[in-house]
Amino acid sequence: MKTLTAPGTTTRGLLILAAIHLSSAASVDVPALDQDGGDLIVNKSQVFSLACIGNKPLHWSYPTYSTLSKEYASIQKRFKIEDLSLPISNEYQSVLTINTTRYMDTGYFRCSYNSNPTDSNSASVYIFVPGEVIDLHVGPSS
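Residues numbered from 1 in each chain as written. Predicted model: local features only at pLDDT ≥ 70, side-chain atom pairs only at ≥ 80, totals over all residues. Heavy atoms only, no water.

Asks: Could you give an account of the sheet that holds strand 7 (residues 92-98), with specific residues and numbers?
Replies: Picture the strands of a sheet paired through backbone hydrogen bonds; they go either parallel or antiparallel. What the 4 strands build is an open sheet, ordered 2-4-7-6; its pairing is antiparallel. In the strand order of this sheet, the two ends are held by strand 2 (32-33) and strand 6 (79-83), each with one partner. When strand 2 meets strand 4 (residues 48-54), the two strands line up antiparallel, connected through 2 bridges. From the neighbouring strand, Leu-33 faces strand 4, where its bridge partner is Cys-52. (Pairing = 2+ DSSP bridges. Helix = DSSP H or I, 4+ residues; strand = E, 2+ residues; numbered from the N terminus.)

Asks: Summarise unusual backbone geometry; cite the residues concerned and give the values.
Replies: The backbone of Ser-45 sits at a positive phi, close to 65 degrees, despite the residue not being glycine. On the basis of relative accessibility, which here comes to 55%, the residue Ser-45 falls in the exposed class. Phi is positive for Asn-90, which is not a glycine, with a value near 55 degrees. Here Asn-90 is to be found in the loop between strand 6 and strand 7. Relative accessible area serves as the criterion here: at 44%, Asn-90 is assigned to the partly exposed category. (Buried < 20%, exposed > 50% of the residue type's maximum accessible area, 1.4 Å probe, protein only.)

Asks: Give a description of the packing of aromatic side chains that names residues and reports values.
Replies: Under the defined criterion, the tally for this structure stands at 3 aromatic pairs. Aromatic side chains Tyr-62 and Phe-79 sit 4.6 Å apart centroid to centroid with 45 degrees between the ring planes, which places their arrangement in the tilted category. Of the two residues, Tyr-62 sits in the loop between strand 5 (59-61) and helix 2 (64-68) while Phe-79 sits in strand 6, which places them 17 residues apart along the sequence. Seen in terms of ring centroids, Tyr-108 and Tyr-126 are 5.0 Å apart; in terms of plane orientation they differ by 65 degrees. Their pairing is edge-to-face. Pair noted here: Tyr-108 is in strand 8 (residues 107-112) and Tyr-126 is in strand 9 (residues 122-128), with a separation of 18 residues, a long-range link. When its relative accessible area of 46% is taken as the criterion, Tyr-108 is described as partly exposed. On the basis of relative accessibility, which here comes to 23%, the residue Tyr-126 falls in the partly exposed class. In textbook terms, an aromatic cluster arises when at least three aromatic residues are bridged by ring pairs, as seen for Tyr-62, Phe-79 and Phe-109. A cation over an aromatic ring shows up here: Arg-110 above the ring of Tyr-108, its NZ or CZ 5.4 Å from the ring centre. (Phe/Tyr/Trp six-rings, centres within 6.5 Å; stacked < 30°, edge-to-face > 60°. Lys NZ or Arg CZ within 6 Å of the ring centre and 35° of its normal.)

So, in structure tokens, the structure goes:
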């Protein structure tokens, strides 16, 4: 599991990384992420960005329990999706950015060519955002 401790990556930096993978993504019918698919640890309250590239229009999915919480309105403000595609040349790029990561953001983030992603038609990465540590120790037992 990799740990991301640096401040958020800029969109420009992600596009450079995405361009490196574009030639391989164009020949495969699965989009590619700028992260290599391993598990990542992202510190809470961090800006986190994930870029996806492919040769068709792209769709993002992320942990659904985030959207079911009382904080749904804040998720709409914290999550941003930028479409940087050039459909004429079949080069599709999308960047998902979380402005302030929270433990509820833990889970699989997927980029796919349709709104029903599966392992065979999507690229994914598991993001772990540590929450607060709760001490459950009650005291010494008698």
